[in-house]
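Observations on the three-dimensional arrangement
Residues per chain are reported as follows:
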Amino acid sequence: MIRVNDVIDKISDYHPGADLGIIERAYIYSARVHEGQVRLSGEPYLTHPLEVAGILADMKLDVISVVAGFLHDVIEDTHAVPEDIEKLFGPEVRHIVSGVTKLSSLTFHSSRARQAESLRKMFLAMADDIRVILIKLADRLHNMRTLQFHKANKRKTIAKETLDIYAPIAARLGIYWIKNELEETSFKFLQPDEYNRIQTLVAKSRTEREKYMQTVKDYIQKKMDEAHLTCEILGRNKNYFSIYNKMISQNLPFGEIYDIIAFRIVLDSISQCYEALGLIHSMWKPIDHKFKDYVARPKPNMYQSLHTTVVGPFGERIEIQIRTRDMDRVAKSGIAAHWSYKEGKRIDENISEKFAWIQDLVENQENFRDPGEFLENVRIDLFQDEVYVFTPRGEIKTLPYGATTVDFAYMIHTEVGNQCTGAKVNGQLVPLAYELKTGDIVEITIAKNHHPSKDWLKYVKTVKARSKIRYWIKTQEKERSISLGREMLEKAFRKEKLSFNAMLKTEQMANVGTHFGFKAVDDLVANVGYGKITPLQVVRKIAPKKEPQADPESIFNKLVGRVVRKKRLKDGVLVKGVDDILIRFGKCCQPVPGDSIIGYITRGYGVTVHRTNCVNALRLTPERQIEVEWNQEASETYPVKIQIVSHDRVGLLADVVGNISKFGANILNASSETRDNKMVDSYFTIGVEDTTHLERILSAVRKVKLVQDVKRIG
């Protein structure tokens, strides 16, 4: 276990004049308020803030960051309050600790809502002070190192969040050592069988790889020596998660992954980097489309390097990175390498500009209050690869890979996007769905009184474009829903010999709106129009009756075309507040018990249930969402489609079918196709009871001889 003196020694090494007294006070305070608390491992809780502070010291961060590392959990997990932190350690430490603290004291209707709001708060704080996310990454890193002490389902939930959110943030900040460790640990807990399989395959070829690595390094060293270039040549093995992703994305067996080893040449100057690149290309033939110049055009996270892939001495592909020593330092530490916080100073403006994407991410999320939608859009923002395009005036704009001219229009200005009617790329007219490529010159045509189209949602890639389009559509739908809701309420009130218009502006109606959770009466009326509340519910709050009468104008009857059925005890899904609605499952995502789900009111079809992360569901109007949950008493099976990638062999399908059947899963549909390279793609639709049942089947199929990958699709 790390000790406080170890942390102090690390800080003294890179910051000899640091105020070590505040570090010791933070440690003592943390020890006092956490006294008596233990982690799941049985260790004193204090070990966690100590390890977090140690990681921050390894990143060579300023004293304030390390102090906040010691204190990052005290507001959430102890009796300490923000005022105590400010009084003892100053407003800067309080601000950072508050930004890191989860929203554990607030009540949310679901864990997903809590996660979304916690992340939203964190992004707001990190946009103001980047140190918030650096401490959060250190916190998550140590939690992942001790993840084995959690229960299995909790391990998977934390690992999935880490892979979806925190690893991409580390990558965007350029802290690749943290990104790699988070990915590797998440992979280990999410897919232990695959992790162990790749670990075994890598171990088997280790001796041969080390010999090959030394041979290539000798070739490169000889060439550099001949040109009198002083350099350091490094060879490294890719992590297991990267190898697995390449095997899946390119449908390759382990033996055909050429770049398990990557080489790096580190030199003194930029001119030497380009000279070394020329020497490498003179030795071995380069693969044109595999060359990337991140020196002339750095990544947004400040990463710089020359990347090339060549056909090596034995006819194999070799990936080589060439960079200066300063670039290598940045590549290892990201923003921490450029850290400009000193006592009493803020981060410099240049660094703030380089990380403007954080502020963009915050601004893009302002219109997304639904937690599922927010989380999905954060993932989209974090996972993007960039293309670089030009305005007609020659300004460079960075967009995610796959972005369209509509995305470009919204990047210029919201009104340009809303009024976009056409686009020219490199002087030629193109469809609005045209995907931009690096180097394109883009010109947008606009027309006043033109409005966004719902069809644009099918192809836009940026969260900003999607949020602005949906905001406009939501505004239009709200106006229509207010009109419909008003009409329905007037009719319902007339039946009770009441005047809706007369009561609209009364305090009594405002109280009804408050009862249903709305700040304004217009929101209440709109939600009647959306179908979230029935007119009868509003009437009964105004004029309650002992025996409520059935409401013939129920919005569910209006929306679902009176297609209802009596709810049976064995129905797999329960709809909050409704007993007689028809349920169907989205064919796009095929949810099963154990999946997080959401319902959408669908005209003529009752409620359609989707997985909360279903892409198609996220395109639907949030106002038509309705809460649903799995019925724990149900005993049904649900169809799930799975894909199996394997090498061809005699008896393959028989073994696969046998492993599915032995777990009691009914095979509803099956198809198989053999590719030219003797790889087989097999698709099965099977009936399963829940996600646990499905995981057992997938795990069993992965163990079938020559099976490369098994995954749920849809």
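Below is a short write-up of the structure. No experiment lies behind these values; they were computed from the predicted model shown.

Notes on the pairing of strand E14 (residues 606-611)
- Burial runs high along E14: six of the six residues are buried.
- Relative to E14, strand E12 (residues 583-585) is paired through three bridges, and the arrangement is parallel. Bridging across to E14, phenylalanine 585 finds its partner in valine 609.
- Examined bridge by bridge, strand E13 (residues 597-602) and E14 share six bridges and lie antiparallel to one another. Pairing of isoleucine 597 across the sheet is with arginine 611, part of E14.

A short note on the environment of glutamate 629
- Among the structural elements, glutamate 629 can be located in strand E16 (residues 628-630).
- Separated by 33 residues in sequence, glutamate 629 and serine 596 place their C-alpha atoms 8.4 Å apart.
- Leave out the neighbours within four places in its chain, and glutamate 629 touches Gly572, Val573, Leu574 and Ile597.

Comments concerning unusual backbone geometry
- Of note, the phi angle at histidine 228 is positive, near 60°, even though the residue is not glycine.
- Its place among the elements puts histidine 228 in the loop between helix H13 (206-226) and strand E1 (232-237).
- Phi is positive for glutamine 590, close to 45°, though the residue is something other than glycine.

As for the sheet that holds strand E19 (residues 679-688)
- Ordered in space as E18-E19-E17-E20, the four strands form an open sheet in which the pairing is antiparallel. This sheet does not close on itself; its edge strands, each paired only once, are strand E18 (666-674) and strand E20 (707-713). The mean angle between the axes of side-by-side strands here comes to 20°, regardless of whether they run parallel or antiparallel.
- Packed onto the sheet, helix H29 (residues 652-661) meets strand E17 (638-647), E18, E19 and E20 and runs at close to 20° relative to E19.

Digging into the packing of aromatic side chains
- Counted according to the given criterion, the structure contains 15 aromatic pairs.
- Ring geometry for tyrosine 29 against phenylalanine 89: centres 5.8 Å apart, planes inclined by 75°, an arrangement best described as edge-to-face. Here tyrosine 29 is found in helix H2 (residues 20-33), whereas its partner phenylalanine 89 is found in helix H6 (residues 82-89), with 60 residues between them in sequence. In this pair, the class of tyrosine 29 matches that of phenylalanine 89, namely buried.

What counts as what
Residues numbered from 1 in each chain as written. Predicted model: local features only at pLDDT ≥ 70, side-chain atom pairs only at ≥ 80, totals over all residues. Heavy atoms only, no water. Buried < 20%, exposed > 50% of the residue type's maximum accessible area, 1.4 Å probe, protein only. Helix = DSSP H or I, 4+ residues; strand = E, 2+ residues; numbered from the N terminus. Pairing = 2+ DSSP bridges. Contact = heavy atoms within 4.5 Å. Axes fitted to C-alpha atoms, helices over the stretch in contact; angles between N-to-C directions. Phe/Tyr/Trp six-rings, centres within 6.5 Å; stacked < 30°, edge-to-face > 60°.

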